[in-house]
Amino acid sequence: MESNMVETTSAWNTTGLHVHRKSLLRMSFYWGHKSEILFPGWPGCNPGMYALALIFVFVLAVIVEWISYCSIIKPGANKVAAGFFQTGMHTVRVGLSYMVMLAVMSFNGGVFLAAVFGHAIGFLVFGSKAFRKSGGPEKVPDLPPRK
């Protein structure tokens, strides 16, 4: 089944029939709910699904910030187990970061803003001093900062 986002045309030349697909994927920022983000045909032309896609990208960005600043490994934990756990956390953080990046590469202005605000809110809540308890020892994140 063809997506609503693709127009198919065909043309004959000397070597036979060639099918050309004209996609609505853009290479510059645009505004609007008719887009494809991360998966073919999603969210499509439905404004409700577009809003869900924006929420999804926002939550992904917040989760990336949470993983970046969380402190789950307890001091004195088995170093090998802690190393494997850190590696798993790093892998998840990188995978989610790439998903946010790929969503932004849809060049949709709303998706871009959802990703930026998701990272900003995530940093405000988990990385800044605004919501830290004062008086106790400062927790060190399990993962090194992103480069």
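Since the model is a prediction, treat every value here as computed from it, not as a measurement. (Residues numbered from 1 in each chain as written. Predicted model: local features only at pLDDT ≥ 70, side-chain atom pairs only at ≥ 80, totals over all residues. Heavy atoms only, no water.)

**Regarding the nonpolar core**
Thought 1: One finds Ile 37 and Val 57 to be the most contacted residues of the largest nonpolar core, which totals 18 residues.
Thought 2: Looking at this core, the elements that each hand over two or more residues are helix H1 (47–69), helix H2 (79–104) and helix H3 (109–127).
Thought 3: Per element, the largest residue contribution to this core is seven residues, and it comes from H1.
Thought 4: Ignoring anything within four residues of it in the chain, the contact list for Ile 37 reads Trp 42, Pro 43, Tyr 50, Ala 53, Ala 103, Ser 106 and Val 111. (Core = buried A, V, L, I, M, F, W, Y, C linked by side-chain atoms within 4.5 Å. Buried < 20%, exposed > 50% of the residue type's maximum accessible area, 1.4 Å probe, protein only. Helix = DSSP H or I, 4+ residues; strand = E, 2+ residues; numbered from the N terminus. Contact = heavy atoms within 4.5 Å.)

**Some remarks on the packing of aromatic side chains**
Thought 1: One pass over the structure, following the stated rule, counts five aromatic pairs.
Thought 2: Centre to centre, the rings of Tyr 69 and Phe 123 are 5.7 Å apart; their planes meet at 70°, and the pair counts as edge-to-face. Residue Tyr 69 is located in helix H1, and its partner Phe 123 is located in helix H3; the two are separated by 54 residues in the primary sequence.
Thought 3: Among the aromatic side chains, those forming a connected cluster through ring pairs are Phe 29, Phe 107 and Phe 112. (Phe/Tyr/Trp six-rings, centres within 6.5 Å; stacked < 30°, edge-to-face > 60°.)

**Quick look at the environment of Thr 87**
Thought 1: Note on placement: Thr 87 falls in helix H2.
Thought 2: Given a relative accessible area of 47%, Thr 87 falls into the partly exposed group.
Thought 3: Between the C-alpha atoms of Thr 87 and Leu 143, which are 56 residues apart in sequence, the distance is 8.8 Å.

**Here's the deal with H3**
Thought 1: Compared with the 27 Å implied by 1.5 Å per residue over 19 residues, the 26 Å span of H3 between its first and last C-alpha is a close match.
Thought 2: Of the positions making up H3, those classed as buried are Gly 109, Gly 110, Val 111, Ala 114, Ala 115, Gly 118, Gly 122 and Gly 127.
Thought 3: Where the residues of H3 are buried, they touch H1 and H2. (Expected span 1.5 Å × (residues − 1).)

**Here we look at H1**
Thought 1: With 23 residues, H1 should cover 33 Å at 1.5 Å per step; its first-to-last C-alpha distance of 34 Å lies within 8% of that length.
Thought 2: Listing the buried residues of H1 in full gives Tyr 50, Ala 53, Val 57, Leu 60, Ala 61, Val 62, Val 64, Glu 65, Ile 67 and Ser 68.
Thought 3: Its buried side turned inward, H1 meets strand E3 (35–36), strand E4 (43–44), H2 and H3.
Thought 4: One side-chain oxygen of the residue at the start of H1 lies 2.8 Å from the amide nitrogen of Gly 48, identifying that residue as Asn 46. (Polar contact = N/O pair within 3.5 Å; in protein donor to acceptor, adjacent residues only side chain to side chain.)

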